[in-house]
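# Fold and geometry: a report
Each chain is listed here by its residues.
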Amino acid sequence: MFAIPFRAVFAYLIFQTFGFAQTDGMASIIGGRYVPLYGQDTSLVEVQDFELDTYPVTNGQFLQFLKDNPKWQKSNVLKLYADENYLRQFKNDTTLNDTENPNSPVTHVSWFAAKAYCECQGKRLPTIDEWEYVAMADEVTGDARKKASYNQKILSWYETPRSDERSIGQTPKNYWGVYDLHGLVWEWTLDFNSVLISGESRKDVDKDSNLFCGSAAIGATDLMNYAAFMRYAFRGSIKARYSIKNLGFRCAKNSKETL
Amino acid sequence: MKSILKILSIALILSAYGCFKSKKKVHTNTEDIPVHREMKAELTSPPNVPRPVGERKAKKLIVEMEILEKEGELTDGVRYVFWTFGGTVPGSFIRTRVGDEVEFHLQNHPDNKLPHNIDLHAVTGPGGGAESSFVAPGHEKVFSFKTLNPGLYVYHCATAPVGMHIANGMYGLILVEPDGGLPIVDKEYYIMQGDFYTKGANGERGLQPFDMQKAVDENADYVVFNGNVGALTGDNAITAKVGETVRLFVGNGGPGLVSSFHVIGEIFDKVHIEGGDLINENVQTTMIPAGGAAIVEFHVNVPGTFILVDHSIFRAFNKGALAMLKVEGEENENIYTGEQYDGIYLPEGPGIQEMPTTDGVVESEIPAQNFEEQMKFGKQIYMQTCFACHQAEGQGIPNAFPPLANSDYLNADVNRAIDIVLNGKTGEITVNGQKYNSVMTRQMLSSEEIANVLTYVYNNWDNNKTVVTSEMVNKVKNK
């Protein structure tokens, strides 16, 4: 008898709590400090409050963007901004291949295109620090990096082929209400190339570089960093015009309060 | 100015020419070996190797290596996501000669998740090429190097986390032959050991993820030749004929374990220690470091199946480090006779020991009182006597030792099973559709013990729950 009204009230409360100052389709992230996964001199990183897209941008959403912004279509894009793999999943400028799922994360997009997409929405790409901050949460904890289950799940995704073809929103919602940070695709970040990995990961150990994330010489205590090493190695290997099958993106923006 | 240069260069050429003439080894400095023309390198998947270089001159050699991340089988029913150079573990074999200018194309397949690179131990230069070959999925990197030192070298991926990339199978061999090539032999094969670390224990089925902690502890679940447990056994065994000389290019990718490489029933006539110039002769077991290699050669004189193992022996019989070389041809009794005599041995003198009473075996002092005790005692015997070949879960070893678990052969005939334990078994049998041709020796067990161990086997692993009694055993014994 009470079930339905109670549920409605409950849903309303939830909606209220998360609903303030929030843009549609974005989760409010409350800022904080944390030691980044890449162990930057063990210095804390501070993240301001910001908002992050709940889901990665999909093929369908990106298609709409292409229709509105012809200069980013396959045949029009400047070669400087996208390599030959740009939008490979598109038959032509505004049609996806028949095999493509409109609800899968969009991939084969360059950093330039991703950045332009976000700007068209009045947003921006998240920074590495912001992205990693939200991504260190599991379903229940803000910082789950020390949990074996958290790392194992991420690593097993890194080993799962063709996960980019899945639909968004099927992985569990994390602590912040954000989906799919792990489990579908890598994601572009605004400052992805601020991490200097030489490609010779072992050498980075004794480099003066303050980022020794590529280090191979880690002790067992650093196990939790392994998933992050792989992300940083990935970021280190790409360039802004690359368009890769397993690389998508989502947008972020500053919180209204902090503006 | 120009003329001075000219004179200088002529002087250089002359002095170099002098060098050619005076020594058989044409270039004291292999850096100076000139290259003639361009050629696409032939790459082969294991256990095959490309054609020998022979007398060919140094060339510009184009190597195209594709990186593939793909799911495969570690052993029956155990899946694993391998990261590979060229689609196989170990990666494709690269064969060059000293002085070659290798133009290396590293291609990272677009479906791959991760960036990779390659460190070839044959490269003289920072990172062994790793620095110049760091490549994102869907991209290709090119770098060139000159092969300065002849030998057999390991290559591997060196992208962070390095250990994980290697543990997932990213290693292979590159051979740099000396001027004029290695002496031609009859058979050449490519074998590479690697250790694997899985979340589940050895034999646990399904797709097994990589286990970082076990890798750090160097606690391998699988140690295998050529990427999986059965890669070189049964129908996949390498072969030779009596009278032939076999050369094995043996590498060890690691990441963790050093290999004590041994061929049961053969002595290596020659070993290029650690893949270098130094040759040792008449070697039983040669050490192959992780990230190292050796070239071993031997002449096969008699027919039979020769087992290649890592002589850290539990790795061979329990973790998979076992391969087979099948040699066909005429028996040669001057070298090996086979069994000539099977009789009773009675030691003499003061050290005479009391002979066992019942057919060489003492009956257990405490006979099993009931089924539970039979199972308990049977398990003890199983673990002492049967486990090494038939394995903990009765799964056997593919292509070598037949399974006892859910075994049609076992369940078909209990008296035959008793007979095999009593008297041993040789020759081909078919178990669950697979052919086996091994030897099981007669087991020195009492009737009571045989009854217990067979009861244990029949009442486990989906077998037909036969209860074997010592009377049944005695009946077969006295037939």
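Owing to the predicted nature of the structure, the values given are computational and were not obtained by experimental measurement.

## Structural notes on the sheet that holds strand S16 (residues 268-272) of chain B
Residue and element names in this part refer to chain B. The mixed open sheet is built from six strands, whose spatial order is S12-S10-S14-S19-S16-S17. The open sheet has two free edges, formed respectively by strand S12 (222-225) and strand S17 (279-283), since each of these has just one partner strand. Across the sheet, the mean angle separating the axes of adjacent strands is 20° when strand polarity is ignored. Two elements, S16 and S17, share four bridges in a ladder whose sense is antiparallel. In the sheet register, lysine 270 faces S17, and the bridge partner there is glutamate 281.

## With respect to the environment of A:Trp72
All names here are of chain A. Within the fold, tryptophan 72 resides in the loop between helix H2 (59-68) and strand S5 (90-92). Sequence-wise, tryptophan 72 and tyrosine 86 are 14 residues apart; in three dimensions their C-alpha atoms are separated by 9.9 Å. In this structure, tryptophan 72 is in contact with Phe65, Leu66, Val77, Tyr81, Tyr86, Leu87, Phe112, Ala113 and Ala116, ignoring residues within four places of it in sequence.

## Some remarks on the nonpolar core
A:Phe62, A:Trp188, A:Phe249, B:Phe104, B:Leu120, B:Leu248 and B:Phe261 are the most contacted members of the largest nonpolar core, which has 149 residues in total. Within the second largest apolar cluster, 24 residues are counted, among which are B:Ile418, B:Val421, B:Leu422 and B:Leu445.

## Regarding the interface of chain A and chain B
Think of interface size as the accessible area that goes away when the parts come together; that is how it is often given. Counting from both sides, the interface comprises 36 residues of chain A and, opposite them, 33 residues of chain B. Across the chain A to chain B interface the summed buried area is about 3000 Å²; carbon plus sulfur atoms make up 61%. At the junction of chain A and chain B, the tally comes to one salt bridge. Along the contact surface separating chain A from chain B lie eight residue pairs in polar contact (both at pLDDT 80 or more). Those elements that provide at least two residues to the side of chain A that touches chain B are helix H5 (148-158) and helix H6 (226-237) of chain A. Per element, the largest residue contribution to the side of chain A that touches chain B is seven residues, and it comes from H6(A). A per-class count over the side of chain A that touches chain B returns 18 nonpolar, 11 polar and seven charged.

## Description of helix H8 (residues 447-458) of chain B
All names here are of chain B. For H8, built from 12 residues, the straight-helix expectation of 16 Å at 1.5 Å per residue is met to within 8% by its first-to-last C-alpha distance of 16 Å. Within H8, 11 of the 12 residues are buried, which leaves the element mostly enclosed by the surrounding structure. Residues Ser447, Glu448, Ile450, Ala451, Asn452, Val453, Leu454, Thr455, Tyr456, Val457 and Tyr458 constitute the buried set of H8. Buried-residue contacts for H8 involve helix H5 (371-390), helix H6 (408-412), helix H7 (414-423) and helix H9 (470-477).

## Examining the layout of surface pockets
Residue and element names in this part refer to chain B. Quantified by volume, the largest pocket comes out at close to 1000 Å³. Lining the largest pocket are 38 residues; nearest its centre among them are Thr305, Phe306, Ile307, Met324 and Asn437. Residue assignment for the lining of the largest pocket shows that the elements contributing at least two residues are strand S20 (304-310), strand S21 (322-328), strand S22 (425-431) and strand S23 (434-440). Examining the composition of the lining of the largest pocket, we find that six residues originate from one element, S23, more than from any other. For the lining of the largest pocket, the residue count by class is 16 nonpolar, 14 polar and eight charged. Around the second largest pocket, the lining comprises 30 residues; the ones closest to its centre are Thr75, Asp76, Gln395, Gly396 and Pro398. Among the elements of the structure, helix H4 (313-318) and S23 are those that each provide at least two residues to the lining of the second largest pocket. In terms of residues, the lining of the second largest pocket owes the most to one element, H4, which gives three residues. Considering only residue class, the lining of the second largest pocket consists of 12 nonpolar, 14 polar and four charged.

## Focus on the pairing of strand S18 (residues 285-288) of chain B
Residue and element names in this part refer to chain B. By the alternation rule, side chains of S18 split into Thr286 and Ile288, which are all buried, and Thr285 and Met287, of which none is buried. Looking at chain direction, strand S15 (residues 259-264) and S18 are connected through four bridges and run antiparallel. Paired with serine 260 across the strands is methionine 287, a residue of S18.

## What about the pattern of salt bridges?
With the rule as written, the count across this model stands at 31 salt bridges over all chains. A:Lys245 is the partner of B:Asp111 in a salt bridge, and the nearest nitrogen-oxygen pair spans 3.1 Å. On the criterion of chain membership, the pair formed by B:Asp111 in the loop between strand S5 (101-108) and strand S6 (119-120) and A:Lys245 in the loop between H6 and strand S8 (247-248) is interchain, its members lying in two chains. Its relative accessible area of 13% is what places A:Lys245 among the buried residues. Counted as one network, the salt bridges with shared partners bring together B:Arg95, B:Glu177, B:Glu188, B:Arg247, B:Lys270 and B:Glu297.

## Here we look at unusual backbone geometry
Cis geometry marks the peptide bond from B:Val89 to B:Pro90; its omega dihedral reads -5°. Note that B:Pro90 resides in the loop between strand S3 (78-85) and strand S4 (94-97). Of note, the phi angle at A:His108 is positive, near 55°, even though the residue is not glycine. Mapped onto the fold, A:His108 is located in the loop between strand S6 (95-96) and helix H3 (111-120).

## Observations concerning the packing of aromatic side chains
Across all of its chains, the model carries 30 aromatic pairs over all chains by this definition. Judged by centre distance (4.8 Å) and plane angle (70°), the ring pair of B:Phe93 and B:Tyr190 falls under edge-to-face. Of this pair, B:Phe93 sits in the loop between S3 and S4 while B:Tyr190 sits in strand S10 (residues 187-196), and the two are 97 residues apart along the sequence. Taken individually, B:Phe93 and B:Tyr190 each receive the classification buried, so the pair is uniform in this respect. On the basis of an interplanar angle of 35° and a centroid distance of 5.9 Å, the ring pair of B:Phe268 and B:Phe298 is categorised as tilted. Placement of B:Phe268 in strand S16 and of B:Phe298 in strand S19 (residues 292-299) is noted, with a sequence separation of 30 residues between them. The same class applies to B:Phe268 as to B:Phe298, namely buried. One aromatic cluster in this structure is built from A:Trp72, A:Tyr81, A:Trp111, A:Phe112, A:Trp188 and A:Phe192. Lying over the aromatic face of A:Trp131, A:Arg235 brings its terminal NZ or CZ to 5.5 Å of the ring centre. Taking NZ or CZ as reference, B:Arg416 lies 3.6 Å from the ring centre of B:Tyr409, over its face.

## Topic: the sheet that holds strand S4 (residues 50-53) of chain A
Across a sheet, strands are paired by hydrogen bonds formed along the backbone, either parallel or antiparallel in direction. All names here are of chain A. The strand order across the open sheet built from three strands is S1-S4-S9, with neighbouring strands paired in antiparallel fashion. Every other strand in the sheet has two partners, leaving strand S1 (26-29) and strand S9 (252-254) as the edge strands with one partner each. Taking each pair of neighbouring strands and ignoring which way they run, the sheet shows an average axis angle of 25°. Here four bridges tie S1 to S4, and the two strands are oriented antiparallel to one another. Residue pairing for S4: alanine 27 is matched across the bridge by leucine 52.

Conventions used here
Residues numbered from 1 in each chain as written. Chains lettered and ligands numbered in written order. Predicted model: local features only at pLDDT ≥ 70, side-chain atom pairs only at ≥ 80, totals over all residues. Heavy atoms only, no water. Pairing = 2+ DSSP bridges. Helix = DSSP H or I, 4+ residues; strand = E, 2+ residues; numbered from the N terminus. Axes fitted to C-alpha atoms, helices over the stretch in contact; angles between N-to-C directions. Contact = heavy atoms within 4.5 Å. Core = buried A, V, L, I, M, F, W, Y, C linked by side-chain atoms within 4.5 Å. Buried < 20%, exposed > 50% of the residue type's maximum accessible area, 1.4 Å probe, protein only. Buried area = accessible area lost by both parts, 1.4 Å probe. Salt bridge = Lys/Arg side-chain N within 4 Å of Asp/Glu carboxyl O. Polar contact = N/O pair within 3.5 Å; in protein donor to acceptor, adjacent residues only side chain to side chain. Nonpolar A, V, L, I, M, F, W, Y, C, P; charged D, E, K, R; others polar. Expected span 1.5 Å × (residues − 1). 1 Å grid on protein atoms, 1.4 Å probe; cavity = no way out; pocket = protein on both sides within 12 Å on 5 of 7 lines; lining within 4 Å. Points joined across faces, edges and corners; volume = space filled by probe spheres on them. Phe/Tyr/Trp six-rings, centres within 6.5 Å; stacked < 30°, edge-to-face > 60°. Lys NZ or Arg CZ within 6 Å of the ring centre and 35° of its normal.

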